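# Coordinate inspection notes
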Amino acid sequence: MNNKNTYIRISLPAVCFVWQIAMVLLFGIFIRYNEEADAHWVEHKQQHNLTDIDNDFYFRYPSFQDVHVMIFVGFGFLMTFLKRYSFGGVGFNFLIAAFGLQWALLMQGWFHSLDQDTGKIYIGIENLINADFCVAGCLIAYGALLGKVSPVQLMVVTLFGITLYAVEEYIILNLLHCRDAGGSMVIHCFGGYYGLAISWVLYRPNLHQSKHNEGSVYHSDVFAMIGTLFLWMFWPSFNSAITNHGDGQHRAVINTYIALAASVVTAVAISSMFHSKGKLDMVHIQNATLAGGVAMGTSAEFMISPYGALIVGFFMGIISTFGYVIVTPFLAKSLKLQDTCGVHNLHAVPGMLGGFIAAIVAAFASDSVYSHQGLINTFDLTGEYASRTMSTQGGYQAAGTCVAMAFGLIGGAIVGLILKLPIWGDPADDNCFDDEAYWEVRACFRPLDVALAL
Amino acid sequence: MNNKNTYIRISLPAVCFVWQIAMVLLFGIFIRYNEEADAHWVEHKQQHNLTDIDNDFYFRYPSFQDVHVMIFVGFGFLMTFLKRYSFGGVGFNFLIAAFGLQWALLMQGWFHSLDQDTGKIYIGIENLINADFCVAGCLIAYGALLGKVSPVQLMVVTLFGITLYAVEEYIILNLLHCRDAGGSMVIHCFGGYYGLAISWVLYRPNLHQSKHNEGSVYHSDVFAMIGTLFLWMFWPSFNSAITNHGDGQHRAVINTYIALAASVVTAVAISSMFHSKGKLDMVHIQNATLAGGVAMGTSAEFMISPYGALIVGFFMGIISTFGYVIVTPFLAKSLKLQDTCGVHNLHAVPGMLGGFIAAIVAAFASDSVYSHQGLINTFDLTGEYASRTMSTQGGYQAAGTCVAMAFGLIGGAIVGLILKLPIWGDPADDNCFDDEAYWEVRACFRPLDVALAL
Amino acid sequence: MNNKNTYIRISLPAVCFVWQIAMVLLFGIFIRYNEEADAHWVEHKQQHNLTDIDNDFYFRYPSFQDVHVMIFVGFGFLMTFLKRYSFGGVGFNFLIAAFGLQWALLMQGWFHSLDQDTGKIYIGIENLINADFCVAGCLIAYGALLGKVSPVQLMVVTLFGITLYAVEEYIILNLLHCRDAGGSMVIHCFGGYYGLAISWVLYRPNLHQSKHNEGSVYHSDVFAMIGTLFLWMFWPSFNSAITNHGDGQHRAVINTYIALAASVVTAVAISSMFHSKGKLDMVHIQNATLAGGVAMGTSAEFMISPYGALIVGFFMGIISTFGYVIVTPFLAKSLKLQDTCGVHNLHAVPGMLGGFIAAIVAAFASDSVYSHQGLINTFDLTGEYASRTMSTQGGYQAAGTCVAMAFGLIGGAIVGLILKLPIWGDPADDNCFDDEAYWEVRACFRPLDVALAL
């Protein structure tokens, strides 16, 4: 019996318009260009004896565009693997990200870029990167919900997700003064547990009625590889996008590149080991190969050393593949946790482990390895933090990981309860994983087509 | 009755060889490296006290590569949506662009980079970007013609399109001294109306005979999303690729990023509103989400402010989606305008509106907002233009938009008449939108395959 | 009769783990960050009066990411064209590259970046680019073997391929002091002949039994175009990634961009000419359009002039398409050379010709064209090479091409013999070109799916 109604003709446009108009008003009140993007730059640079190349734009724009590709093509195509939900995978990913980044510019702006004198948020390229990062947390959560929620629910997930992200990020980066350039903690650990908690609250006991729609077909698995590869290739840019100029960006790229390479090899090994004839499984290749990048998120900018990065990638490929083979089915059966994309294995656990690994690496950081000035730069040990010891820093890093997890779990549980209200147009249990619910699939509205039919 | 012959075994190779040989000769006569790409740079930089990083290459190369992706993968895959014309969509796009950029280097070189002393065109990275831009105009026009013309006709469309583009660009940028960094006027408005006028002249009363080929299938719509997303993600690079170093590039990126985000949300809203159950239509998600980028083309480098960009994107998402739902079918029925991809809604109208929006933004530009030097820099108010007032500049910007439209409409009509000659191998009315006409589809010529069959 | 066993449950994980653990140990012993990626940079730059923008990272990172995309998406998707081997095409490409780049960092490090005092290899962004380059040689070889070997065999091909590459590269670049920025010789010529020699040794007389799996379907050809276009678009970055800062990178981009454009036009012309009705063949569009980039690999940084680049591209498009139509079937029949992707036409021959073209261009280089300092810079005529004449340099360039070819042919023959051992789990003659052999295709292991079935 289908007692759900996926009619969203009023709710979806209403939510889109209300929130978009709110964005216009709030941008009008708060958001301005920062000094590097404002036409006053020409005078500013003369006063400060700068040249155009000193503009932060040139240090970060290539990385920004790579991150942008990860958000829209990477996450989007990774979620096209379901045979009948490719439109929803890439399309709702697009909607979430486009709305979310606007709200992120505001939320993160209030916490990090608000000028106390003028009451304005001054934005530049780094704000755009951070907005994309912030959105990534919500897209990870979407991975756990894929195929089981309506686009209106996803807008709610995004609105609260961005808000929670901005708060936990403020606590972790500013109050605890942790380092987390690639966001093992604030992005992956938070986003993963946020999605898992929502999914747990929204448990569907009769989801097996949609089993015919679950699973992939040959071509949809190839589409998903587009997502995998763009995530994999550009992860060095992700982890280095907001690290320090110079060695910070350089080192974060090297570490991430190396860790990811090791993940591929061990994911292949474990995937083969778990099949009776040694065949590989596309799920593992699409996902577990990325785990090294997730886990290097926090320590990418640290002097973890190339072999340290290799070891992290080595174990993450193993742990993540193991998760897909053993843990996700176990969680689904025993914990009633329906995690469509397995974000538990790719984001939640590797993100959490990445946070703790970084805590250990930070605790052992020393002047001899970093140089005195290098240590101060890498961990930003200035001002009130100048006297913080590295073991203390390690403790704070570990605490930050716990904060991210707690925000994800508690925030997700609350948002899940909100989404249980019967007003959001979510699909019935026998109607999940099916684009028919929210997309015009059969009749094609190609405009010329309409005219030709007349 | 099929009275058309798609035999192009003589005409296509002939056109390709004649034009390619002409290119070799003209490149030999005219084109040389500019001082930043010539091996003399090492001496040049010493004389002018420059370092390697001052080479324009480092300011523009990342943007160039993004633009390059938009031209070949963005436009190419956006046009793979038809179920039986994906080869033609991405393949002819490739051909047009590869030929067009060579001719564009020459045409734009003669107008903009010709050294009066030596009679040579000195090229560098900015010329490559401009050649890609120039090609974009022809690819937009191809969108209106998709599936209805032969590759030989497309070569003709490209040859004349590049020529017309170079002339209108010279009039708009040099004679009228307009600003148009992202080409709302010179690229989108011109290209859109150029394609529409050609399509109008080539009206096929019996196109409904190809109705079985029109429309998309599930997978072809996912392929088209590759195009959409790469266009969407890299549009900030498009609009900033040739703006001023420093704040110019930085601001153009921010404005475009913001406008595009708003377009997605409002396009989703309107798409849902127009369906009886609120379902989304892939056509709108694939196209109307991009309208904000088109309309920000001219004003991206202006101080339109972030909320101004958001408002532009807001309305463009609405207008463009509305165009796909209402205007294209209306034009097809009443104006006999067969616009396969709906370039009217994505390029022609948003481009034209973008031109007029920029005229207004320019007219209200002031020293207080831009700073005195910033205003001069942004609008290049130097030399004979030093005394031009901003309201005058606004008037010229509006005039430039009209020039672009006029060139598109008149040029397109003339080219359309040329294409009506019965020598080009175009398909019959019941043979449109079908790769069979120009591609070896059934029998596969995989070279090893051939050998295995022996 | 199928007397082969594709059971790799022990061999594949064993090889992956043994080699990955060896990598960890060797990285631990040898690999460290170089001074630009080490946290000491902050002190280093103060001592040497540098700023962050002088870090090589900012000169090379955008190009590196483009190269990275070519390796994983470019080569990977180009090899998805087979209708039943897309997983193997993109998936094994991923495995080869991820393992290979680690071994390449070590091998190239020992030859080029080993510090004699400390015994360590200090790596930075240029090492990552070179590792990707090194991997490209093996991926080219994979193109000749596609569908006919097991993943364990591919790991062996990669291990030996990287090793051979590092040695021939050392001979060509260091001992012969050749220039080969984009690797016509060391990458394409070597990789192509390496793959062909292996394929020749592994000749399968009954491969026609797998004919039903050979060949493409409509969608797989569109997938392959993703690979083609990313290779095509980013080839300018490939050829310029490790050229000199400033004019070297700038010029290499221009030359490659131009050569590639011409290849497209002439490949289309020849493809059309060879079909009875003038129809185009996707094989040629996917491959021969790239030949201009291959052939410009060595001379991209030289003052070949824009029309010189155009001429190279012009002929390469012709030669490569001709190869696909005539030569590959001929080689398969008469030489028993089964070259799945036709790497003979895209890499081996254009790479070899590119090497010889560069020899000629180098021999005619002069102070008047390059400037005195420019000639020294471009050919690195310093130290013991300061007195080398350009005609001598040209001779060495030609010798280098022969070295690359010899290494490919002899090395490939030896590796082919090793791969004939009956322990590698390769498929039977009637089981080639089929993902079923090494991938779980029918039953889907989506983890949630498994749980839903319970």
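Remember, predicted model here, so these are calculated numbers, not experimental data.

### A closer look at the overall build of chain A
- Tallying secondary structure elements over chain A gives 17 helices and two strands in all.
- Over its C-alpha atoms chain A spans a radius of gyration of 22 Å, differing by no more than 12% from the 22 Å that the globule rule assigns to 454 residues.
- Counting only residues that meet the buried cut, chain A has 71% of its 454 residues in that class.
- In chain A, the share of contacts with a sequence separation of at least 24, taken over all contacts with a separation of at least 6, comes to 82%.
- When the accessible surface of chain A is totalled, it reaches about 12700 Å², and 63% of it is carbon and sulfur.
- Side-chain charges in chain A split into 21 positive and 32 negative, and the spacing between the mean points of these groups amounts to 13 Å.

### Examining helix α5 (residues 125–145) of chain A
Residues and elements named next belong to chain A.
- In this model α5 runs 31 Å from its N-terminal to its C-terminal C-alpha over 21 residues, within 8% of the 30 Å that 1.5 Å per residue would give.
- Across the 21 residues of α5, 20 count as buried, placing the element largely inside the fold.
- Positive backbone phi, approximately 90°, marks glycine 147, located one or two places after α5.

### Regarding the relation of the copies chain B and chain C
- When chain B is fitted onto chain C, the two copies agree to an RMSD of 0.0 Å after a turn of 120° and an axial shift of 0.0 Å. Accordingly, the operation relating the two chain copies is best matched by a three-fold axis. For chain B, the residue whose C-alpha comes nearest the rotation axis is Pro62(B), separated from it by 3.5 Å.
- Counting the interface residues of chain B, we find that no more than 7% of their copies in chain C are interface residues as well, pointing to two distinct contact surfaces.

### Comments concerning the interface of chain B and chain C
- On the chain C side, the residues contacting the 82 residues of chain B number 89 residues.
- In total, chain B and chain C occlude about 7500 Å² of area from one another, counting both sides; carbon and sulfur atoms represent 75% of this.
- Put simply, chain B and chain C have zero salt bridges between them.
- Between the two partners, chain B and chain C, sit 25 residue pairs in polar contact (both at pLDDT 80 or more).
- For the side of chain B that touches chain C, the elements supplying multiple residues, two or more each, are α1 (11–30), β1 (31–33), α2 (41–47), α3 (56–78), α4 (86–113), α5 (125–145), α8 (218–240) and α17 (447–453) of chain B.
- Class assignment of the residues belonging to the side of chain B that touches chain C gives a composition of 56 nonpolar, 12 polar and 14 charged.

### Here's the deal with the interface of chain B and chain A
- On the side of chain A, 82 residues touch chain B, which itself brings 89 residues to the contact.
- Here chain B packs against chain A, burying approximately 7500 Å² in sum over the two surfaces, 75% of which is carbon and sulfur.
- Taken as a group, Tyr218(B), His250(B) and Tyr257(B) account for 11% of the area that chain B buries against chain A, more than any other trio of residues on that side.
- Counting across the interface, chain B meets chain A through zero salt bridges.

### Some details on the side chain of Ser371(B)
All names here are of chain B.
- You can see serine 371 is positioned in the loop between α14 (367–370) and α15 (372–379).
- Relative accessible area serves as the criterion here: at 3%, serine 371 is assigned to the buried category.
- Side-chain polar atoms of serine 371 contact the backbone nitrogen of glycine 374, separated by 2.9 Å.

### Points about the relation of the copies chain B and chain A
- Relative to chain A, chain B is turned by 120° and slid 0.0 Å along the rotation axis, the superposed coordinates differing by an RMSD of 0.0 Å.
- Here only 7% of the interface residues in chain B have copies in chain A that are interface residues too; the copies meet through unlike faces.

### Points about the nonpolar core
- Counting residues in each nonpolar core, the largest one holds 491 residues, and the members touching the most others are Phe230(A), Phe230(B) and Phe230(C).
- Not counting the four nearest positions on each side in its chain, Phe230(A) is found in contact with Val69(A), Met70(A), Val73(A), Phe230(B), Val69(C), Val73(C) and Phe230(C).

### Topic: the environment of His372(C)
- Take His372(C): it is sitting in helix α15 (residues 372–379).
- For His372(C), a relative accessible area of 46% puts it in the partly exposed group.
- Setting aside residues no more than four positions away along its own chain, His372(C) makes contact with Glu43(B) and Asp367(C).
- Among the polar contacts made by the side chain of His372(C), one reaches the side chain of Asp367(C) at a distance of 3.1 Å.

### A short note on the pattern of salt bridges
Residues and elements named next belong to chain B.
- The final tally for this structure, using the stated rule, is 27 salt bridges over all chains.
- A salt bridge links glutamate 126 to arginine 60, with the shortest nitrogen-to-oxygen separation between them at 3.7 Å. Of this pair, glutamate 126 sits in helix α5 while arginine 60 sits in helix α3; the two residues are 66 residues apart in sequence, bridging distant segments of the chain.
- On the accessibility criterion, glutamate 126 (31% relative accessible area) is partly exposed.
- Between arginine 251 and aspartate 247 there is a salt bridge, with its nearest N and O atoms 2.9 Å apart.

### A closer look at the packing of aromatic side chains
- Counted by the stated rule, this structure contains 87 aromatic pairs over all chains.
- Here the aromatic rings of Phe77(A) and Phe223(A) are separated by 6.2 Å at their centres, their planes lie at 40°, and the arrangement is tilted. Of this pair, Phe77(A) sits in helix α3 (residues 56–78) while Phe223(A) is found in helix α8 (residues 218–240), placing the two residues 146 residues apart along the sequence.
- On the accessibility criterion, Phe77(A) (0% relative accessible area) is buried.
- Aromatic ring contacts, followed pair by pair, group Phe57(A), Tyr58(A), Tyr61(A), Phe64(A), Phe59(B) and Tyr257(B) into a single cluster.
- It is Arg388(A) that lies over the ring of Tyr396(A); its NZ or CZ is 3.9 Å from the centre.

### Re the side chain of Thr401(B)
All names here are of chain B.
- Summarising the element assignment, threonine 401 is placed in helix α16 (residues 390–419).
- Since its relative accessible area comes to 0%, threonine 401 is described here as buried.
- Look past the residues within four positions of threonine 401 in its chain and what remains in contact with it is Met185, Cys189, Met352, Gly355 and Phe356.

### A closer look at the packing of α3(B) against α5(B)
Residues and elements named next belong to chain B.
- Where α3 contacts α5, the axes come no closer than 9 Å and their chain directions differ by 20°. With respect to each other, α3 and α5 are oriented roughly parallel. Between α3 and α5 the crossing geometry is left-handed. In contact with Asp56, Phe57, Arg60, Tyr61, Phe64, Val67, His68, Ile71 and Phe75 of α3, α5 contributes Ile125, Glu126, Leu128, Ile129, Asp132, Phe133, Val135, Ala136, Leu139 and Ile140.
- In terms of residue class, the contact of α3 with α5 is built from 14 nonpolar, one polar and four charged.

### As for the UniProt feature "domain: Ammonium transporter AmtB-like" (unreviewed entry) in chain A
- Sequence positions flagged by UniProt for "domain: Ammonium transporter AmtB-like" (unreviewed entry) are, in local numbering, residues 50–438 of chain A.
- Across residues 50–438 of chain A, helical content stands at 69% and strand content at 1%; the span's end C-alpha atoms are separated by 52 Å.

### Overview of the packing of α5(B) against helix α6 (residues 151–175) of chain B
All names here are of chain B.
- Their axes nearest at 9 Å, the elements α5 and α6 cross at an angle of 130°. By the angle between their directions, the pair α5 and α6 is classed as oblique. The handedness of the crossing between α5 and α6 is right-handed. Residues Asn130, Phe133, Cys134, Val135, Cys138, Tyr142 and Leu145 of α5 touch α6, and the partners they reach there are Leu154, Val157, Thr158, Gly161, Ile162, Tyr165 and Glu169.
- Among the residues forming the contact of α5 with α6, the class breakdown is 10 nonpolar, three polar and one charged.

About the cut-offs
Residues numbered from 1 in each chain as written. Chains lettered and ligands numbered in written order. Predicted model: local features only at pLDDT ≥ 70, side-chain atom pairs only at ≥ 80, totals over all residues. Heavy atoms only, no water. Helix = DSSP H or I, 4+ residues; strand = E, 2+ residues; numbered from the N terminus. Rg over C-alpha atoms; globule rule 2.2 N^0.38 Å. Buried < 20%, exposed > 50% of the residue type's maximum accessible area, 1.4 Å probe, protein only. Contact = heavy atoms within 4.5 Å. Areas by Shrake-Rupley, 256 points an atom, 1.4 Å probe, with all protein chains shown as cover. Lys, Arg positive; Asp, Glu negative; His and termini not counted. Charge placed at Lys NZ, Arg CZ, Asp CG, Glu CD. Expected span 1.5 Å × (residues − 1). Least-squares fit on C-alpha atoms with pLDDT ≥ 70 in both. Buried area = accessible area lost by both parts, 1.4 Å probe. Salt bridge = Lys/Arg side-chain N within 4 Å of Asp/Glu carboxyl O. Polar contact = N/O pair within 3.5 Å; in protein donor to acceptor, adjacent residues only side chain to side chain. Nonpolar A, V, L, I, M, F, W, Y, C, P; charged D, E, K, R; others polar. Core = buried A, V, L, I, M, F, W, Y, C linked by side-chain atoms within 4.5 Å. Phe/Tyr/Trp six-rings, centres within 6.5 Å; stacked < 30°, edge-to-face > 60°. Lys NZ or Arg CZ within 6 Å of the ring centre and 35° of its normal. Axes fitted to C-alpha atoms, helices over the stretch in contact; angles between N-to-C directions. Parallel < 35°, antiparallel > 145°, perpendicular 65-115°, else oblique. Left-handed = near helix turned anticlockwise from the far one by under 90°. UniProt positions renumbered as here; feature names shortened; annotations may be inferred.

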